[in-house]
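What follows is the residue order along each chain.
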Amino acid sequence: MENASWIRRMFEEGAALKKEFGEKNVFDFSLGNPNIEPPDKFFEVFSALATKKLPGKHGYMSNAGYAETREAIAEYLSEEHGKEIFGQHIIMTCGAGGGLNVVLKTLLDPGDEVVISKPYFVEYNFYTDNYNGVTRLVKTKDDFSLDLQEIQSALSPKTKAVLINSPNNPTGRIYDKQTIAGLAQLLDSKSRELGREIYLISDEPYSKIVYDGVTVPSILAAYKNSILITSYSKDLSIPGERLGFIAVNPEATPLDQLLNGMIFCNRTLGFVNAPAFIQRVVQHLQGMSVDVTIYQRKRDLLCRALKEMGYSFITPDGAFYLFPKAPINDIEFVRELQKERILAVPGSGFGGPGFFRIAYCVEDWVIAGALPGFKRLADKYCG
Ligand SMILES: Cc1ncc(COP(=O)(O)O)c(C=O)c1O
């Protein structure tokens, strides 16, 4: 539990601060919990379906989810990825977290390695460990883009998969098309050399939260043995509803075994199937997302102010996280921020010591209220 998560620790310490100083006097950037309400259309569809009595719609279903929802998703993905994908390639899951567990349980034998570039979403460690897999952490470049040489040197006969996350939590980095093509080439040639598949798993719950016209390149178009995992948690702002899906590349091998394995694991991990009602709702909301310009405005507000104060960081392309350099040791700096009643998470909690994460999916008053504290610490340490 000591290593469980810096995010949760900060969140809990924040709760104590809020009790002492009052909610409005604590500036909480610790959690990636979207602050925007779901789009109006979500509520329209939700209400319309909630009052419809359909026989059998509250019973057990196929462990992969409702066929009509999977088909609607496949149709949308086919268009988005320029590739024919059918409902059979989609498995509805309990969020991206559920999807990652299903995929890792399906793929991993004990001791198999999953290569992950850091900084990264730390839950990956626990998810991999759930199935006795081992995470092999590699460095990214200074701008947090993938370092293909580092990935190459981590590949071994034990590698079962490379797991990427773009847009990235905590850095906001989106990997460009050329990098994804390079990664695909690398995995292709290593798979040939080893005489077996290395899978590319892409965790993309933030794929619709992108800025400045940057797009997330399609891994399904880039690499045959690819598995996309995403959710509606962030793009529709419904993380509590626990809905996501896995899309397996129709060219992946051995396709039937992969799909059947994942459907089996969805069942036997105890999820049985993803939440029924929300599956029916999202069937009608394909391609929709919250108004991303709201997050972009918050990003710009924060980036402009922190830059002026002297903080240094890479401007994020997507997601709702900023990952600035800590002017002193990141854990100490986060403690200093706490004294200013600002809650952030040390980069050490993401395998990125020397940085700190600000989740800016918060109300504007939180950003405005925190700026004087950030300024005082910049004056003290950034000089
Ligand atoms: C990178 C990343 N992957 C997966 C998840 C889990 O998403 P979900 O709520 O859809 O399970 C999160 C949640 O914050 C995340 O940041």
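Residues numbered from 1 in each chain as written. Predicted model: local features only at pLDDT ≥ 70, side-chain atom pairs only at ≥ 80, totals over all residues. Heavy atoms only, no water.

Caption draft 1: Inspection of the overall build of the protein chain at higher detail. Helix and strand counts for the protein chain come out as 13 helices and 12 strands. Over its C-alpha trace the protein chain gives a radius of gyration of 21 Å, about what one expects of a compact globule, namely 21 Å for 383 residues. Dimensions of the protein chain along its principal axes, counting C-alpha atoms only, are 60 × 55 × 40 Å. Across the 383 residues in the protein chain, those meeting the buried criterion constitute 56%. Partitioning the intrachain contacts of the protein chain with sequence separation of at least 6 by distance along the chain shows that 75% fall at a separation of at least 24. When the accessible surface of the protein chain is split by element, carbon and sulfur atoms take 50% of a total near 16,500 Å². With 42 positive and 46 negative side-chain charges, the protein chain shows a separation of 2 Å between the mean positions of the two kinds. (Helix = DSSP H or I, 4+ residues; strand = E, 2+ residues; numbered from the N terminus. Rg over C-alpha atoms; globule rule 2.2 N^0.38 Å. Buried < 20%, exposed > 50% of the residue type's maximum accessible area, 1.4 Å probe, protein only. Contact = heavy atoms within 4.5 Å. Areas by Shrake-Rupley, 256 points an atom, 1.4 Å probe, with all protein chains shown as cover. Lys, Arg positive; Asp, Glu negative; His and termini not counted. Charge placed at Lys NZ, Arg CZ, Asp CG, Glu CD.)

Caption draft 2: Focus on the site of the ligand. If you check the shell around the ligand, you find 14 residues, and the closest are D203, Y206, S231, S233 and R242. The side chain of R242 places a nitrogen or oxygen atom 2.7 Å from an oxygen atom of the ligand. Protein contacts shield 90% of the accessible area of the ligand, which totals 400 Å² for the unbound molecule. Its residues placed into classes, the shell around the ligand shows five nonpolar, six polar and three charged. (Near = heavy atom within 4 Å. Polar contact = N/O pair within 3.5 Å; in protein donor to acceptor, adjacent residues only side chain to side chain. Nonpolar A, V, L, I, M, F, W, Y, C, P; charged D, E, K, R; others polar.)

Caption draft 3: The arrangement of the sheet that holds strand β12 (residues 356–359) in detail. Within the open sheet, the three strands sit side by side as β9-β12-β11. Their pairing is antiparallel. Of all the strands in the sheet, the pair left with one neighbour each is β9 (321–322) and β11 (345–346). (Pairing = 2+ DSSP bridges.)

Spatial relationships are all this shows, so hold off on functional conclusions.
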